[in-house]
Structure formats: structure tokens, C-alpha cells
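Now for the letters of each chain:
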Protein chains: 2
Amino acid sequence: MTVETAKASLAALQAKQAAYGHALALINYDGSTTAPKGTAANRAQTMSILSAENYRLATGEETVELLEFLDANRSELSDKEVRSVELLLKGIRQLKKIPMDQYIQLQKLLVESDHAWHVAKENNDWDSYRPYLEKVFDFHKRIAAWVEPEKDPYDYWLNEFEEGLTKERCDEFFATLRSRIVPLLDAVMAAPAHNRDMLTGHFPADKQEELAYWLMKTIGLDLEHVGLATTEHPFTTSLGSHFDERITTRYDESDLGFSLFAVIHEGGHALYDTGSADDLAYTALDGGVSMGVHESQSRFYENILGRSKAFCSILLPKLQELFPQQMEGYTVEDLYRAVNCVRPSLIRIQADELSYALHIMIRYEMEKRYFAGELAVADFPATWNALYKEYLGIDVPSDSEGVLQDSHWSFGAIGYFPSYALGSAYGAQFLRKMGESVDVAGCIAKGDFGPINSWNKEHIWSHGCLLKPTELFEKATEEKFDPNIFCDYLEAKFSELYNL
Amino acid sequence: MTVETAKASLAALQAKQAAYGHALALINYDGSTTAPKGTAANRAQTMSILSAENYRLATGEETVELLEFLDANRSELSDKEVRSVELLLKGIRQLKKIPMDQYIQLQKLLVESDHAWHVAKENNDWDSYRPYLEKVFDFHKRIAAWVEPEKDPYDYWLNEFEEGLTKERCDEFFATLRSRIVPLLDAVMAAPAHNRDMLTGHFPADKQEELAYWLMKTIGLDLEHVGLATTEHPFTTSLGSHFDERITTRYDESDLGFSLFAVIHEGGHALYDTGSADDLAYTALDGGVSMGVHESQSRFYENILGRSKAFCSILLPKLQELFPQQMEGYTVEDLYRAVNCVRPSLIRIQADELSYALHIMIRYEMEKRYFAGELAVADFPATWNALYKEYLGIDVPSDSEGVLQDSHWSFGAIGYFPSYALGSAYGAQFLRKMGESVDVAGCIAKGDFGPINSWNKEHIWSHGCLLKPTELFEKATEEKFDPNIFCDYLEAKFSELYNL
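Okay, so let's go over this structure. (Residues numbered from 1 in each chain as written. Chains lettered and ligands numbered in written order. Predicted model: local features only at pLDDT ≥ 70, side-chain atom pairs only at ≥ 80, totals over all residues. Heavy atoms only, no water.)

1. Examining the overall build of chain A
Along its length, chain A carries 21 helices and 3 strands. Relative to its 500 residues, chain A shows a buried fraction of 59%. Pairs at least 24 apart in sequence give 75% of the contacts found in chain A among residues at least 6 apart. Accessible area of chain A: about 18,700 Å², with a carbon and sulfur share of 50%. Side-chain charges in chain A split into 47 positive and 77 negative, and the spacing between the mean points of these groups amounts to 1 Å. (Helix = DSSP H or I, 4+ residues; strand = E, 2+ residues; numbered from the N terminus. Buried < 20%, exposed > 50% of the residue type's maximum accessible area, 1.4 Å probe, protein only. Contact = heavy atoms within 4.5 Å. Areas by Shrake-Rupley, 256 points an atom, 1.4 Å probe, with all protein chains shown as cover. Lys, Arg positive; Asp, Glu negative; His and termini not counted. Charge placed at Lys NZ, Arg CZ, Asp CG, Glu CD.)

What follows is the structure in C-alpha cells.
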């Protein structure tokens, strides 16, 4: 093996992994979008086989030899190759510690469990879902023990979604947020209430779909490479490379806000993925580097841009064109208040920007207690409901609107939720930095996302996974992460909105 | 290797092949249904890699050894295992003669070519598609030469879609059809014309979709395992096994007949596939045995059942419910005449049952001439148009409605078209036999497809690929194939319809 042939083999290996990734992601996507209901077992069968092939490819002797050879010859590799080898070796060292039959069992379980979640949510039937979720959580505990037995299992999973994240850092981060958001929220709740009546009523799905495509175009997505579909729970997925990206939404005909912000949120994910430098395609470096940075982009577009007054000024005319009767007589200021109406509520993805973090803290708290052995999956519904009462002051009327509302746990994204809050906080700091060179509000008001997207592409998207999350963040902002900047942003925005 | 371990390996091999089949079919399906337009190259990249993996799996030394060992121990295998080994060995012997790089190139070409066809059809742009089609045809010529150099290349491809079919048999078959259909068609054209006005006008897509689901349920499809989507060109595909089947249609809002019969046609394919005995799933024996038998089922449901008077008697009330204004005042007899209105036309899949075979003969003629070296792909449009004038007496106004109308060649189905005519003829003979034990018209009139489907399941569907097409046909009908039975059926039906 020469370094040159090894480099070629590295490229071929990554291309193969991308191909398996394409197939597996598409089978999942199909399951959520158009597959007939009785086909989950068939998908599980195929996914367990393809995952096994992918596992063999990723952890086979030949691959390990190749990567170790390249690792030993780092000086002759490009920066990209060095980082690819590093990430792949890290993946292998993890995977090799998971017994193969268990790994395959898990892939199959996740498909079945995701299906069970869909059915359970639809039928408000926690009991049918519980056995699956118990297995999923139990698997995650065992995986952490296999891979890093010396580490706290929850720290292991937090770090999987955001390199460097720990319970300790989360506790600190959430403490800062709580100390500043709770009083702010109290003040807002004491102020005269706003309402979001203009967003409720009847909004036909076909018109909402038209709006969705307008939003996608407006925020700068390339519709030749980004598709839109409908699913119960909105998500974004890359198929094989950033050249084929899919986002999904759901049209709630009684609530215009749901799909509106789901599309911008998922659109932010898709902008990040499709913004990878093209020469990263079909390598381990393609797409977003961590879920924290990913959510920083999705929530940046959804809230910081999408819920800004400037955006309301271009959104209202479009809404008036699509829904002339419902929008009659409303002003930009009305829309701005409606999309920022603060009201502690049941559903995370419909939460306002201010109380959102409290939804995350509830999930964080539950995951933390589970891994500490203080909470069993069987007690999730009761704990969920108690925490919603405690943090947000509301009663949960059904599991479908409670513990069954999110899909994440069903497909194994345990330890993911804190990324949302972290991402929100990253975003405010990105905004402050971007503002030094870009007239953000001015661009939005003109409907020209070009300069905003260029900044993001240069500082965030194009790097793919080349830089570690912290490195990326600090290079882009030229400072350390400080959640107080996010709190400052919230204070300024909501004090103005509620005349505090 | 013992026979027992070899049997287990055979099952595992077939399950793996089904998994690759699932992934590849789904990527294709996605490309035709929901993928954004700019993603064809990305799909081609993934498909070329997965096809290569599949090729290695299918033709690897280990696989060959396994199959040859099992073949040498046939006496200890079940009938199913014997047939699986036979089919797999046949496949390997073929594949091994195709150089692997060429095989992979072909898979990639077919994805690109199918994409080019979509674009070309939409833009009526033959020139952009021609280079792809030339390569596809050229590949097929070379494959035939690699695999069976001693055989006529067109005979090779006819046999691929219908075991035992040759140019000689096709020539004979089409000569019989021509000798009886042409005079019948002349007589019909000389009789007072019917019209299909009740099927034209404005029929909203959402109502047509409702109709499509009603049709699927009525003919007995299990909607838990059979999905419906829309594509430019309707098709049916199995994903991994007969437990997940997809059919597609297209809603022409100005013509109710298009999607109506497309759904029944594709539904017939799906009934056949999903009717395989469950223990054939994840083996080489799952699904239909040949394209001729496949088309016998699709065209049986579309024409023999779907265009019968009995079916019109249950269809009309449904149409009146969905399209009350358009259907006002029409009778069952009117509908029966409208769906059987004979009128030589441009588009094969919209052709009436009588002139349909002439569309097939045109395609057969062109393929035959191509392989005989008498026709170049570059001359396809001119030849197409000349043959439509000669056979059907009509002028082709554009390539989109002419040589670009069908997708088959674009994805490598060359030699497929004769199966449609053959299938139509098989169907008439199945009907005659079925009529001995089932009151076909009576069942349809009650909307009860149960006894009809049971007959088909017992005699055709459940066998999957266990029996060879001829064997299957002769066991089911207890006689030899005779195209005159089809001609008798057409004569009786259209003489009555047109008072000849």
C-alpha cells in the first residue's frame, strides 16, 4: 500500500459509506412519507441487512488497516483527509466495541420503534409504545457502557450530538438560561397579553403548500436539490450527499403558524447541509458538524430571522395574497406580535421563542434522571406531566400532546434535545457577529437573503465537518461561547414587544 | 459445507439480494415520484455503487461455490430451493459474462437516461435524449453478444422478458393477431361511431385520487401493503418483497379515463406481485415470473374486467357520486361504450383494447429492425411516425406524443413491449378457463372480486417464479396457448358493441 493508493481507497470507502447512507436514509424517509402502513417489518428487514453490510465495511480489517496506515502517514495527507481519517477511526473504535449482532438488532429495533411511535401518537396509546422505548433506552445505556465504560452514560450521549458537551456544562448553561428567562417570562406574562388569532382559522393545505415553496425560495434554498414532503413530524434528511436534501412539514389547516415555522426551521437545516463545499460530497466531512451547530442554523432562520419584524414585513403581503380574507385588516406589527406571542404551551415545536428552552429543560431533566437510574421509562408520562406543571404551569391532557409528541427518542436520538437550546444560544451570538458586516434586517426587508447566506456559508456551512464545533464557533464569532448574549437578545426583543 | 448449512446460506444470500433490490428499487421510485429535479447524478452515483456491491455478492466465488454445491445436491433440496438455485445460477452465468465495469456503467447510464427521458418528454426534445438512447441500445446489443454470442440478439432480449419467446414466435403471433384484428377494426371503423365525451371535461385531481383508492379497494388490493403515488408514466414496483408494493398513476384533469385505467392496470400488476405465497418472500421466487404473465394480469384487470359491462354497472354510481354534474344523465350502456370507444390514436396507454396490439407491433417492428442492423436510433422518430401512419393511419404531431411517449427504452426494457400483447392474449384464455368455475360477470356486478382473485391466486399469483411461464400457463388453463381465443374474445365483444 502506498500513500497514493491508500488515498484512493479512502475516497472509495467514503463513497461507499455515502451510498449505504443514501439507501438507509431514503428507506427511513419513505417510511415517514409515503410507505403503506403495513410495511414497517419489510423495511426493518432490509435495514438490518444493509446496516450489517455497512458495519462490515466500516469496521472490516481492510478498512482498519487502511485508516491506521493513513493515520501513520498524516503528514502526507491534506487537511481534509486527516480529518476524515480521524472521524472514521473514531467511528470504528466506537462501533468495534458494540457487538455486531447487537448493532444490527438496534437498527431493526429503531425502525420498529419509530413505527410504533407513529401508531401510538395517532391513537394516544402510550402502552403500545412503552416496550419499544424501554428497549431503545436500555440499548443506549448499554452502548455507552460498551464504548466508554469509564464515562457517565449520559455524558457519552450528550457528546455524541455535540462534541465536548457534558451534564456539567448543560447544568451550567441551563442554570444561566433559567436565571434570566424565568423572570423575563414572568414579566411578559404580567404584561397585557398579545394574541395570535390571525394565525388561526381555516388555511387550506394547498395554499399552505404554496406558502411553503415561497418560504423555501425566499430563504434561498435551491429547489433543484431540496425537496419538500409531508410527515407527521417535520424533519430534514440528506440522501447520499448534500446534493439531495429533503425537508418535511405538516399542514395544520386550523393553524397557519405550524407549517410556516416548520418549513423555515427545516429549511435552515437544509441550507446548512447543502452549503457544504462541493468537494466534501461523498466524504465523511459532508454536511453539518454537530446537532448543536445544526440547530443553531435551523433556529436562526426560524426565530432570529423568521420571527423578526423585517421578515414580517415581507411575509404579510404574501399571506394577504394567499389568504386575503383571513389577513384582512392586519398590519405588520400585528403579525410580528402574533408570531412572537408568548404563552406557555403543550407542544415544543409550537412554543414561542422565550418559553422554548423550558421545554428542552424538561426533556433534559428526564434523560438525565433516566441515565442516573432515578427514572424508569414506565414512569415517563407521569414525570413528563409533573414537569410541565412545574416548569410551564400547564396540565397535559393526553400523552399524544405530552410524552408522545416528539419522535426523537423513537429513532434513538437520546441526548439530542439540549442541542436545540444550545443552538438557539449559538445563533444569537452568530447574529451579533454577522451584524458587524451585514445589514441583516435591511436584507430581510428587501427579501434578499443573499448576504446573510453568504456570511453563513463562508463561516459555517462550507466547512462541513472539517472543524470541530467549538473551533468552528470560535473562528466564526472570534470569541468564546456565552449564553448571556442569547439572554440579552431575548430581553431586548421581548421587552420591546411587551413594553416592559 | 453441509447441505443444511448451505441451505441456510442460500436463504441469507437471497435475503441480501432482496435488500439490495429494495434499496435500488426505492431510489428509482423516489427519482420518479418526489426527488428534486437536480438530483439524478447523486442517485446515479449511489446506484452504481450499490449495483457493484450487489454484483459482487451475486457473482462472487463464495456464491458460485455455494450454488454449485447445492445444484450437485438437488435431491436433498425442496422444490423451491431447486428452482431458486436454478434461477440464481442462470443469473450468475449471464452476469459473469458481462464485464463488471460495463455492468456498473450500464446501471449508471440507465439512471441518467431515464432522467434524460423525463426532461426530453417534457420539452419535446428528442435531440437531448438521443445520445442516451443510442448508448442504451448499443449496450443491449453488446450484452446479448457477451452472454449468448451464438443467439440472435433480439431473441436474447425477448427471452429475457418471456422465457421461450423468439422473433419467430412473435412473428407468428402478431401475424395471427393482424389477420383477425385488422378486418375487425375496419368493420368497427365503418360502423356508426361511439364517443367517449362523458370521460372528457374537467375532473379535479383530488376527486380522481379518491376514485383511485376506491378502485384499488374494489379490485381487492390490500392498502396496508400497496401504496399509490403520482408519476409522469404509471408503473408498479416491489420494494424488497411483495410485502411492500407501490403503484403510480397520473391525473389528467381533462380526461377521466387516463388515471382510471392506469390504476386498474397497475393494480393488476400489484395483485399479482402481492399474491405470491408468503414463504416465497426474500427469495428469488418472490413476485411475477415473466413480463408476459405480468401483463396478462394487468391487462386482465384493466380490460377484461375493468372494461366489462358488469364493471361499468358498479363504476357509474361511484363516478356519479364523485362527479355528479359531469355524469348527469349517462347510463351504464353509455359508460360501457365510452370506455370501449374504438379510435386509432397516438398514445399506447390510452389506446382502446382493439387497436392496442397495433401500437405494440410498431414497437416490436422497430426493435427488430434495430437489432437486425436495419434501423439506427437516430432514425427512430421518422420510422415511428411512418409506422403510425401505416398501421394506425394517423399523423404524429410531436415526439412527446410519439417516440418519446414510453419510458421503457430509457430504463433498459428493450424487448419488453411484445409482453403486453402476449399478456392480453393470455388473459382471454385465463378468462375462459376461470369462467368454468366462477361467475365472473356476476361477481363484478356485486363488487365482489373475491372469487376472481381466489382463482388467480390459486392458479397464477401464489406460485411466484416457481413454475416456468409456459408451465404455469398450461397448468392454469389445461391447454396450449392459442391467440385465436383472444381474437374470438375481441370479435364477440366488439361485434356486440358495434352491432356488426
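2. Observations regarding the interface of chain A and chain B
Listed as interface residues are 37 residues of chain A and, on the opposing side, 37 residues of chain B. Taken together, both faces of the contact between chain A and chain B bury some 2,800 Å²; the carbon and sulfur share is 58%. The interface formed by chain A and chain B holds 4 salt bridges in total. Along the contact surface separating chain A from chain B lie 19 residue pairs in polar contact (both at pLDDT 80 or more). For the side of chain A that touches chain B, the secondary structure elements donating two or more residues are α1 (3–33), α2 (40–59), β1 (226–230) and β3 (241–249) of chain A. (Buried area = accessible area lost by both parts, 1.4 Å probe. Salt bridge = Lys/Arg side-chain N within 4 Å of Asp/Glu carboxyl O. Polar contact = N/O pair within 3.5 Å; in protein donor to acceptor, adjacent residues only side chain to side chain.)

3. Here we look at the nonpolar core
Of all hydrophobic cores here, the largest spans 140 residues; its most connected members are B:Leu177, B:Tyr301, B:Phe380, B:Trp409 and B:Ile452. Among the elements that make up this core, the one with the highest residue count is helix α15 (residues 356–371) of chain B (10 residues). Residues contacting B:Phe380, with those up to four places away along its chain left out, are B:Trp126, B:Leu133, B:Phe137, B:Met366, B:Tyr370, B:Leu375, B:Val403 and B:Trp409. In this structure, A:Tyr154, A:Tyr251, A:Ile347 and A:Leu472 belong to the second largest nonpolar core, which totals 139 residues. (Core = buried A, V, L, I, M, F, W, Y, C linked by side-chain atoms within 4.5 Å.)

4. Observations regarding the packing of aromatic side chains
The final tally for this structure, using the stated rule, is 69 aromatic pairs over all chains. On the basis of an interplanar angle of 85 degrees and a centroid distance of 6.3 Å, the ring pair of A:Trp384 and A:Trp409 is categorised as edge-to-face. Linking A:Trp384 in helix α16 (residues 380–392) with A:Trp409 in the loop between α16 and α17 (418–434), this pair joins segments that are 25 residues apart in sequence. Both residues of the pair, A:Trp384 and A:Trp409, count as buried. Consider the rings of B:Tyr356 and B:Tyr420, whose centres lie 6.3 Å apart with planes at 70 degrees: the pair is edge-to-face. Separated by 64 residues along the polypeptide, B:Tyr356 in helix α15 and B:Tyr420 in helix α17 (residues 418–434) bring together distant segments of the chain. Exposure class is identical for B:Tyr356 and B:Tyr420. Each is buried. A cation over a ring is seen here: B:Arg250 above B:Phe258, with NZ or CZ 4.3 Å from the ring centre. (Phe/Tyr/Trp six-rings, centres within 6.5 Å; stacked < 30°, edge-to-face > 60°. Lys NZ or Arg CZ within 6 Å of the ring centre and 35° of its normal.)

5. Remarks on the relation of the copies chain A and chain B
Each copy of the sequence occupies a distinct position, and chain A is placed on chain B by a rotation of 180 degrees and an axial shift of 0.0 Å, giving an RMSD of 0.0 Å. Given the turn and translation reported, the copies of this chain are related as if by a two-fold rotation axis. Scanning chain A for the C-alpha nearest the rotation axis identifies A:Ala23, at a separation of 2.7 Å. Interface overlap between copies is the fraction of interface residues in one copy that are interface residues in the other; for chain A against chain B it reaches 100%, indicating a shared surface. (Least-squares fit on C-alpha atoms with pLDDT ≥ 70 in both.)

6. Observations concerning the pattern of salt bridges
If you walk through the whole model with that rule in mind, you get 71 salt bridges over all chains. Between A:Arg130 and A:Glu134 there is a salt bridge; the shortest N-O distance is 3.2 Å. Here A:Arg130 pairs with A:Glu134, and both are found in helix α6 (residues 126–147), just 4 residues apart, close to one helical turn. For A:Arg130, a relative accessible area of 27% puts it in the partly exposed group. Salt-bridge contacts for B:Lys368 lead to B:Asp171; the nearest nitrogen and oxygen are separated by 3.0 Å. Taken together, the residues B:Lys368 in helix α15 and B:Asp171 in helix α8 (residues 167–190) connect sequence positions 197 residues apart.

7. Describing the pairing of strand β2 (residues 236–239) of chain B
Residue and element names in this part refer to chain B. For β2 and strand β3 (residues 241–249), the ladder comprises 4 bridges, and the chain directions are antiparallel. The residue bridging Thr 237 from the neighbouring strand is Arg 246, located in β3. Counting the residues that bridge the hairpin from β2 to β3 gives 1 residue, and of these Gly 240 lies at a positive phi of roughly 80 degrees. (Pairing = 2+ DSSP bridges.)

8. Observations concerning the state of the cysteines
Residues and elements named next belong to chain B. Under the definition given, this model contains 0 disulfides over all chains. Between Cys 341, a cysteine without a disulfide, and Cys 312, which holds the nearest cysteine sulfur, the sulfur-to-sulfur distance is 13 Å. Residue classification places Cys 341 among the buried positions, given a relative accessible area of 9%. (Disulfide = S-S within 2.5 Å.)

9. Here's the deal with helix α14 (residues 332–339) of chain B
Residues and elements named next belong to chain B. Three or more residues of α14 are buried, namely Leu 335, Tyr 336, Ala 338 and Val 339. The buried side chains of α14 occupy one side of the element, clustering within an arc of 165 degrees when seen end-on. In this fold, the buried residues of α14 make contact with α10 (256–274), α12 (309–322) and α21 (483–497). (Arc of directions from axis to C-beta.)

10. Let's talk about a negative patch on the surface
A cluster of acidic residues, A:Asp206, A:Glu209, A:Glu253, B:Asp206, B:Glu209 and B:Glu253, forms a negative patch at the surface. When contributions to the negative patch are tallied by element, the ones reaching two or more residues are α9 (205–218) of chain A together with α9 (205–218) of chain B. Residue A:Asp206 is classed as exposed on the basis of its relative accessible area of 53%. (Patch = residues over 30% accessible without salt bridge, like charges linked within 9 Å, V, L, I, M, F, W, Y side chains within 5 Å.)

11. What to know about the side chain of A:Asp286
Within the secondary structure, A:Asp286 is located in the loop between α10 (256–274) and α11 (291–305). One buried charged residue, A:Asp286, forms no salt bridge at all, with the nearest opposite charge on A:Lys457 at 9.8 Å.

12. Some points on the packing of α17(A) against helix α21 (residues 483–497) of chain A
Residues and elements named next belong to chain A. At their nearest, the axes of α17 and α21 sit 8 Å apart, and the two run at 80 degrees to each other. Compared by their axis directions, α17 and α21 come out roughly perpendicular. Between α17 and α21, the residues in contact are Ser 424, Ala 425, Ala 428, Gln 429, Leu 431 and Arg 432 and Ile 485, Phe 486 and Tyr 489, respectively. Its residues assigned to classes, the contact of α17 with α21 comprises 6 nonpolar, 2 polar and 1 charged. (Axes fitted to C-alpha atoms, helices over the stretch in contact; angles between N-to-C directions. Parallel < 35°, antiparallel > 145°, perpendicular 65-115°, else oblique. Nonpolar A, V, L, I, M, F, W, Y, C, P; charged D, E, K, R; others polar.)

13. Let's talk about the side chain of B:Asp406
Residue and element names in this part refer to chain B. For Asp 406, the location among the structural elements is in the loop between α16 (380–392) and α17. At 2.9 Å, the side chain of Asp 406 and the side chain of Arg 348 are in polar contact. If we skip the residues at most four places from it in the chain, Asp 406 touches Trp 117, His 233, Arg 348, Arg 363, Trp 384 and Phe 417.

14. Focus on the sheet that holds β1(A)
Backbone-to-backbone hydrogen bonds pair the strands of a sheet. The strands run either parallel or antiparallel. Residue and element names in this part refer to chain A. Spatial strand order, β1-β3-β2: 3 strands in an open sheet with mixed pairing. The outermost strands of the open sheet, each flanked by one partner alone, are β1 and β2 (236–239). Direction aside, the axes of adjacent strands within the sheet are offset by 25 degrees on average. α1 contacts β1, β2 and β3 of the sheet and is inclined by roughly 140 degrees relative to β2.

15. A closer look at helix α19 (residues 450–459) of chain A
Given 3.6 residues to a turn, an α-helix orients residues that are three or four positions apart in the same direction. All names here are of chain A. Of all the residues in α19, the buried ones are Ile 452, Asn 453, Trp 455 and Asn 456. When α19 is viewed along its axis, its buried side chains cluster within an angular range of 155 degrees and face the same direction. The inward-facing, buried residues of α19 abut α10, α11, α17, α18 (440–445) and α20 (469–477).

16. Some details on the pairing of β1(A)
Residues and elements named next belong to chain A. Burial analysis of β1 places 4 of its 5 residues in the buried class, the great majority of the element. The pairing of β1 with β3 spans 5 bridges and is classified as parallel. Looking at the pairing, Gly 227 lines up with Arg 246 of β3.

17. Regarding the sheet that holds β3(B)
Residue and element names in this part refer to chain B. If you walk across this open sheet you meet the 3 strands as β1-β3-β2, and the pairing is mixed. The open sheet has two free edges, formed respectively by β1 (226–230) and β2, since each of these has just one partner strand. Mean inter-strand twist for the sheet, computed between neighbouring axes without regard to direction, equals 25 degrees. Most of the contacts of helix α1 (residues 3–33) go to β2, to which it runs at about 140 degrees, and overall it touches β1, β2 and β3.

18. Notes on empty space enclosed by the protein
Under the criterion given, the structure shown has 5 cavities of 30 Å³ or more. Volume-wise, the largest cavity comes out at about 60 Å³. In terms of lining, the largest cavity is formed by A:Leu26, A:Tyr29, A:Asp30, A:Thr33, A:Thr34, B:Leu26, B:Tyr29, B:Asp30, B:Thr33 and B:Thr34. The set of elements that each furnish at least two residues to the lining of the largest cavity consists of α1 of chain A together with α1 of chain B. Residue composition of the lining of the largest cavity, by class: 4 nonpolar, 4 polar and 2 charged. Empty space within the second largest cavity amounts to approximately 50 Å³. Contributing to the lining of the second largest cavity are A:Ser296, A:Arg299, A:Phe300, A:Asn303, A:Ile304, A:Glu353, A:Gly423, A:Ser424, A:Gly427 and A:Phe486. Going through the elements one at a time, α11 and α17 of chain A are the ones with two or more residues in the lining of the second largest cavity. Looking at the lining of the second largest cavity, the element that brings in the most residues is α11(A), giving 5 residues. When grouped by side-chain class, the residues that make up the lining of the second largest cavity number 3 nonpolar, 5 polar and 2 charged. (1 Å grid on protein atoms, 1.4 Å probe; cavity = no way out; pocket = protein on both sides within 12 Å on 5 of 7 lines; lining within 4 Å. Points joined across faces, edges and corners; volume = space filled by probe spheres on them.)

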